[in-house]
Amino acid sequence: MLALIQRVREARVVIAGEAAGAIDAGLLVLVCAEPADTEAQADKLVAKLLKLRIFSDDAGKMNRSVQDVPGAGLLIVSQFTLAADTSGGNRPSFTGAAPPELGRRLYETVLRLAAERHPRVASGRFGADMQVHLVNDGPVTIPLTIR
């Protein structure tokens with residue numbers, strides 16, 4: 001699985017002019033399943049998201065996880081374009097992304113596991129045309145590959 005993690009002060013997803021999911025401080029996570037991914041990768045991704053120490057401690061060092069920050073949330077958004085291959089020209093190919101049925105199932109697994117393990121989880125909608133609004137904190141943006 002591929003993910004792009006952004007530490008945010010706030011973030012929201014808008015679909016057809018209406019807010020679908022929103023958080024205050026926390027992590028905006030763009031998620032892309034690949035064809036060989038399984039629920040095991042979804043589980044590893046959620047575990048990593050919850051333990052990744054990218055929030056500042058009292059000394060200003062990145063030493064706290066989303067679980068260590070009171071009120072911090074996760075906004076998880078499906079993003080098949082993370083699998084873009086631009087090596088063949090100027091128009092990206094997305095053949096590296098999982099087929100829609102698998103992508104949906106794994107995205108929903110990530111959402112379910114995250115909600116079981118963290119009290120504040122919001123999401124976009126798989127396959128929807130979404131506008132993602134965020135205030136990146138830091139900025140901190142980290143790519144993540146789970147194998």
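This text follows the structure it describes.
How each quantity is defined
- Here the residue numbering is sequential within each chain, running from 1 through the sequence in written order.
- pLDDT decides what is reported in this predicted model: residues at 70 or higher carry local features, side-chain atom pairs at 80 or more are listed and counted, and totals for whole chains, interfaces and linings draw on all residues regardless.
- With hydrogens and water excluded, all non-hydrogen atoms of the structure serve as input to the side-chain values.
- A run of H or I in DSSP becomes a helix once it reaches four residues, and a run of E becomes a strand once it reaches two; helices and strands are each numbered from the N terminus.
- All radius of gyration figures rest on C-alpha atoms, and the globule criterion is 2.2 Å times the number of residues raised to 0.38.
- Burial classification: accessible surface area is computed with a 1.4 Å probe over protein chains only, and a residue below 20% of its type maximum counts as buried, one above 50% as exposed, and the rest as partly exposed.
- Residue contacts are counted whenever heavy atoms from the two residues lie within 4.5 Å of one another.
- Per-residue and other accessible areas were derived by the Shrake-Rupley procedure at a 1.4 Å probe size, with only the shown protein chains allowed to occlude residues.
- We score Asp and Glu as negative and Lys and Arg as positive, and we do not count His or the chain ends.
- Taken as the charge centre is NZ of Lys, CZ of Arg, CG of Asp or CD of Glu, depending on the residue.

(A) Examining the overall build of the chain more closely. Looking only at helices and strands, one finds two helices and eight strands in the chain. Each helix and strand of the chain, placed in order from N terminus to C terminus, yields the pattern β-β-β-α-β-β-β-α-β-β. For a compact globule of 147 residues, the expected C-alpha radius of gyration is about 15 Å, and the chain comes in at 15 Å, within 12% of that figure. Seen through its principal axes, the chain has C-alpha atoms that stretch 45 × 35 × 30 Å. The buried share among the 147 residues of the chain stands at 42%. In the chain, the proportion of contacts linking residues at least 24 apart, taken out of those at least 6 apart, comes to 72%. Summed over all atoms, the accessible surface of the chain reaches about 7,900 Å², with 49% contributed by carbon and sulfur. Side-chain charges in the chain split into 17 positive and 16 negative, and the spacing between the mean points of these groups amounts to 4 Å.

No statement about biological role is implied by the geometric values presented.
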